[in-house]
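A look at the structure
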Amino acid sequence: MLRQIHSLPGLVAALLVMVLALTGVVLSVEPVVGRLQTSPQTEQSLSIAELAARVDQFYPGVEQLERTPSGAVIVSYRQDGRTGVVRIDPQSGKVTGDAEPSTLMQGAKDLHRSLLAGTPGRVIVGLMAGVMLVLSISGMFLLAKRVGGWRYLAGPMRGPWTQRWHAEAGRLAIPGLLLSSLTGLYLSAVTFGLLPDGMQNEPEFPTQVTGGPAAPVASLPALQAVQLSDLRELVYPDPEDPTDVYSLHTANGDGYIDQATGQLLSFREHDRVRRLYEVVYQLHTGAGLWWLGLLLGASALGVPVMSITGGLIWWKRRRAMPRIASNSAGQTADTVILVGSESNTTWGFAKTLHEALVQAGWCVHIAPMNSLANEYRRAERLLILTSTYGDGAAPACAKLFLEKLASSRLNPHQGFAVLGFGDRSFPRFCQFAKDVDEALLARGLRPLLAMDTVDRQSIQDFARWGKALGDKLGHELTLLHAPHCPPTHSLQLMQREVYGEQVQAPTCILRFKPAAASKLPEFDAGDLVGILPPGSSVPRFYSLASGTADGVLEICVRKQQAGLCSNYLHDLPLGGTIEAFIQPNPDFRPAPGRPATILIGAGTGIGPLAGFIRNNTARRPMHLYWGGRNPDSDFLYESELGRYLADQRLTRLQAAFSRVSERRYVQDRIIEDANDMRRLIERGAQVLVCGSRDMAKSVMQALDEVLAPLNLNVLKLKAEGRYREDVY
C-alpha cells in the first residue's frame, strides 16, 4: 500500500511538481543575490531618520523606503514626473543598482505561485504542495525499508542505477522537500483564508493629526528611535496633504507617525499569528537566510532526478510483469506456484517454472502470495518463489501471506518448496523466504526440498534449483530462464593462457578484442559479460578481469564437464568470435579513497581481483588472499601478480593451495593472519570476495571468528558497505 501511495501521486503530478521544483530552484538564488549585493553596514548605529536624511540628498521625491530580508535598502521615488526604484548604500545614500525585479525572477515567481493561471493556478499549486508532502513522507519510509531500517539510512545504496540515483537523490532532498511542502501548504491555506496570517491586526488609523507643515524627516523622534535593522517599510505621506501620515512597518509591529511633530500616533505589535506567518514565509523562501535558500534550491534539484528515475523504475516494473498463459484454476490444479515480488522480476522466474511444469504435463496454478486460498483441494505440491523487501520484510504482494497461512486448512500431505530471491550484500539476505519456510514447517507441511536461494537473479542458481526439484518429482526439469538480453557485441579471441590441465581442471584466461570494425563496449573490472553460446538463448555470465581502458575484454573460465558455455569457450580457436553483452556490476569494485582493500578469492574468482590490482595506479594498499589447487599447475596470474608486488600495486599476496602436502584453503590464511586482518578492518578496510558460494560461506565464517574481538561481524561490514561479494 505504501508503494502505491508513493507512486500514483508521483506519476500523475510529476510534471507539475517538476515545474514547482525548478522555479523554486530559480527563486532560491534570489536571497544569495541579495546578500551579495548588500554591502557591509553598521545597521545597529544607524536610525531610520538618518537613513532618510541621506536619501533626501539625492531623491527629494521619495515615496517609500524598504529594507529587504537580505539587508538591501530599496528606495521608490517620483522625480520630474517619472517614478523609479533603486537600491542604495545606506551609509552614503548613493545608488548601487537598479532594484526592479528581472523578467526571469518575476516570471519564475508568478509560475511558482500560480502557474500563471491566477486563482485556479494557486489552487493547483496548493494541491501540488500536498502531493509533494505525501511523496516526501512515503518516500522517506520506503527508503528506510529499502536499506534495511532507519539505522542504515546513511549507508551505501545498492541496486540498479535507476534505483540508486532515485534513492540517493531522495536521501539528500527529502529534508528540504518536507520543509518546502509543509510551509507551502501553510502559505496556500493563508492565501485562501483557511488560516489567519495576522495581517488584519493592524493599528488604528489616526483620526487626529497636527496638520502643520511637514518637519524635516531627520528630526522626527519616532524615526530616530527605530534602528535600520528593524525597518521593514516606511511609506511617506502625500506631500500635498498636510493631514497624511507616515506609515511605518518594523520587525516588531506597525504604526503611524505625524509628519509635523514626528510623534507616534498609534502602534500595534505583531501577535503570535503574524510572527508565525513571517517565520514560515522565511523558511519557505529563504528570505534573509541565504544559506537556507541554497539548501532548499539544492533539494528542489532532486525532484527532476527523482521524477525521471521514478518513472523509469515504474516502467521497468510494468514491463517485467509477465503474461501467464495456461494458468489453471486454484482448486483444479495439482501444482500451485505462489509468488512474492517487489519489482516483478521474480515473476519472470515464476513464469519460466510455470511453463516448464505445464509442458511436463502438470496442471499448474500461479498467483501472488497474498492470494493464498484457504485450501487447495487437488494440489499435491506448493511452490513458493519470493523476494525479500528491505530489512527482512515481505514484498507488497506477499504481506498477507503469513496471516492467511495461520488460518488456512492446507493439507499437511502437500509437499512444498521455497525459493528465495535476493542480494547477498544485504544484511538479511532472503529473510522473508526463510520466515515463510519456517511457517510452512510449523503448519506441518512436508518439505520437498530444503529452502534454497537465488543471488542477484542468477539464472545458474535457478537452473540448479530446477534440476533438484525435477529429481524430486521424478521428471527432468530444465529451467532456462532467459531475461531480456540487450544488444550484443562481436568479440574475437586474441589470446589464451591455459592452466590446470595436469590436474584435470583446465582453466583459461581468455582475452578478446573487437571483431572487424567494431569497438569495445564500456565496462570496468568487476562488471559481468553475458556470453551466448551457439544454440542457446540463455546467457552465461563471467566476471571481467579488465576494463575498456585496457584495450581487451578479459575473463577467466574453468572448463566444466557438462558446461555448455565453458566447453564452447575452451574449444574456441584463436580468431574465433563470440556474441556478448555487458551487465554493469557497480557494487562490486574498490570504493574510492585511500583505505586498504582486502581481496579474497579462489579459483577463477581471481579474475576481477587481478583487474582491480592492475588498475591500482594510485598504489592504495591492496592485500590479496587467493586459493588454488597446485602452484605448479594452476597458479593463475602468477607472473603478473609478481610484477604488481614489485611495483607496489599489490601490497601483499597470501596464496593457499589445497592439492599439496601442506594443504591450505583461503579461509585458513585469513585465520592465520587474524591480527593483520583485524588491524586493517579496524582502520576502515573494505573486503571484496569473489568465487564459489561454498568458498564465500567459509570465508564469512572465518572472518566472523577473526572479527569477534572487535565486536564486529560480516553482517555489520555489509551494512556499512565494506563487504561485497561476487559469488556464483
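In the block above lies the structure referred to throughout.
Residues numbered from 1 in each chain as written. Predicted model: local features only at pLDDT ≥ 70, side-chain atom pairs only at ≥ 80, totals over all residues. Heavy atoms only, no water.

Relative orientation of the contacting elements helix 9 (residues 345–359) and helix 12 (residues 459–473) amounts to 30°, with a least axis distance of 12 Å. The orientation of helix 9 with respect to helix 12, classified from their angle, is roughly parallel. You can see that helix 9 and helix 12 cross each other, and the crossing is right-handed. Across the interface between the two elements, F349, T352, L353 and L357 of helix 9 pack against I459, F462, W465, L469 and L473 of helix 12. Its residues placed into classes, the contact of helix 9 with helix 12 shows 8 nonpolar, 1 polar and no charged. (Axes fitted to C-alpha atoms, helices over the stretch in contact; angles between N-to-C directions. Helix = DSSP H or I, 4+ residues; strand = E, 2+ residues; numbered from the N terminus. Parallel < 35°, antiparallel > 145°, perpendicular 65-115°, else oblique. Left-handed = near helix turned anticlockwise from the far one by under 90°. Contact = heavy atoms within 4.5 Å. Nonpolar A, V, L, I, M, F, W, Y, C, P; charged D, E, K, R; others polar.)

Time to look at the nonpolar core. Grouped burial of nonpolar side chains is what soluble globular proteins tend to show. By size, the foremost hydrophobic cluster in this structure holds 27 residues, and its most contacted members are V55, L65, V75, L223, L234, Y236 and L248. Looking at this core, the elements that each hand over two or more residues are helix 2 (48–56), strand 1 (62–67), strand 2 (73–79), strand 3 (82–88), helix 6 (221–224), strand 5 (231–235) and strand 6 (245–250). By residue number, the principal contributor to this core is helix 2, which donates 5 residues. Contact partners of V75, with chain neighbours within four places excluded, come to V55, V62, Q64, L65, G84, V85, V86 and I88. (Core = buried A, V, L, I, M, F, W, Y, C linked by side-chain atoms within 4.5 Å. Buried < 20%, exposed > 50% of the residue type's maximum accessible area, 1.4 Å probe, protein only.)

Reading across the sheet, the 8 strands line up as 4-3-2-1-5-6-7-8 and stay open at both edges, with antiparallel pairing between neighbours. Looking along the sheet, the strands with just one partner apiece sit at the ends: strand 4 (95–98) and strand 8 (264–269). The mean angle between the axes of side-by-side strands here comes to 20°, regardless of whether they run parallel or antiparallel. Of the pairings in the sheet, the one linking strand 7 (residues 253–258) to strand 8 comprises 5 bridges and is antiparallel in character. Residue D254 lies in a different strand from strand 8, and its bridge partner there is R268. Seen against the sheet, helix 2 touches strand 1, strand 2, strand 3, strand 5 and strand 6 and runs at an angle of roughly 130° to strand 1. (Pairing = 2+ DSSP bridges.)

Between its terminal C-alpha atoms helix 18 (residues 693–707) stretches 21 Å, which fits the 21 Å expected from 15 residues at 1.5 Å a residue. Residues M695, A696, V699, A702, L703, V706 and L707 constitute the buried set of helix 18. Along the axis of helix 18, the buried residues cluster in a sector spanning 125°; they form a single face. Turned more than 90 degrees away from the buried face of helix 18, the exposed residues are D694, K697, Q701 and E705. Tucked into the core, helix 18 has its buried residues touching strand 21 (597–602), helix 16 (666–672), helix 17 (674–682), strand 24 (686–691), helix 19 (714–719) and strand 25 (723–727). (Expected span 1.5 Å × (residues − 1). Arc of directions from axis to C-beta.)

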